[in-house]
Amino acid sequence: MSRARYDQEENWQTAAAYETEGSGCLSGFIIPPLVVLLVGAMLGLFAFTYVCLHFLTWFGVDQFFALAYIGKDIVKRPYITVGFASFLLLIPLAVTSTSGWMRRLGKRWVKLHRLAYVAAAGGVLHFLWLVEQDLRGPTIFGLLPVLLLGLRLGRRRPATDGR
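What you are looking at is a predicted structure, and each value in this text was computed from that prediction instead of being measured.

On average, residues of the chain score 78 in pLDDT, and 71% of them are at 70 or above. Per-element mean pLDDT across the chain ranges from 50 in helix α1 (residues 3-25) up to 94 in helix α4 (residues 78-95). Of the regions scoring below 50 in pLDDT, residues 18-29 engages in 35 contacts with residues more than four places distant in sequence or in other chains.

Here it is in structure tokens:
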């Protein structure tokens with residue numbers, strides 16, 4: 001796979017993850033919460049599907065399914081280690097994205113799905129370490145989660161005193 005094509009895939013993968021995060025942050029500002037919940041789940045699963053395709057491309061096309069080399073590559077190259085760890089963080093998010101899991105997990109579902117920010121940060125770091133010269137893309141994608149998290153934190157209600 002050419003370096004330019006690989007970088008383009010990184011751009012789409014990171015953009016899809018931020019669209020998902022952004023939909024949660026815009027809830028209550030512009031878009032009604034029910035719409036955000038439905039669209040956010042769809043975007044999250046789209047982002048996960050794209051990350052899976054990205055991983056399978058690396059696994060099959062770049063590494064030719066050679067498990068010994070894949071293990072060495074994950075340990076040897078930090079950007080692959082971070083990318084693989086971020087991919088692993090997304091798996092429980094994709095599995096628990098249904099309404100049945102939301103009911104079963106209750107408030108723990110929200111805590112679990114905050115891992116999306118950790119996975120997004122790992123995706124940005126993966127992209128940043130992969131790109132060698134033009135850092136504009138990773139920088140823009142690195143600032144987006146900071147902005148989205150700021151929006152989410154700024155929208156929180158003040159704590160009540162328990163009355």
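From this point on, the discussion continues.
A separate point is a nonpolar patch on the surface. On the surface, a cluster of nonpolar side chains totalling about 310 Å² of accessible area is made up of L88, I91, V95 and W101. Element by element, the count of residues in the nonpolar patch is highest for α4, at three residues. Tracing the backbone through its elements, the reader meets L88 in helix α4. Classification of L88 by relative accessible area gives partly exposed; the value is 41%.

The subject of this paragraph is the pattern of salt bridges. Inspection of every chain in the model, using the stated rule, returns two salt bridges. Here R136 ties to D134 by a salt bridge, and the two come within 2.9 Å at their closest N and O atoms.

Once that is clear, we can look at the nonpolar core. One finds W58 and F87 to be the most contacted residues of the largest nonpolar core, which totals 13 residues. Elements with a minimum of two residues in this core: α2 (33-62), α3 (67-76) and α4. Here the element with the most residues in this core is α2; it accounts for six residues. Beyond its immediate chain neighbours, meaning those up to four positions away, F87 contacts F48, V51, C52 and F55.

What counts, and at which threshold
- Residues numbered from 1 in each chain as written.
- Predicted model: local features only at pLDDT ≥ 70, side-chain atom pairs only at ≥ 80, totals over all residues.
- Heavy atoms only, no water.
- pLDDT = per-residue confidence, 0-100.
- Helix = DSSP H or I, 4+ residues; strand = E, 2+ residues; numbered from the N terminus.
- Contact = heavy atoms within 4.5 Å.
- Patch = residues over 30% accessible without salt bridge, like charges linked within 9 Å, V, L, I, M, F, W, Y side chains within 5 Å.
- Areas by Shrake-Rupley, 256 points an atom, 1.4 Å probe, with all protein chains shown as cover.
- Salt bridge = Lys/Arg side-chain N within 4 Å of Asp/Glu carboxyl O.
- Buried < 20%, exposed > 50% of the residue type's maximum accessible area, 1.4 Å probe, protein only.
- Core = buried A, V, L, I, M, F, W, Y, C linked by side-chain atoms within 4.5 Å.

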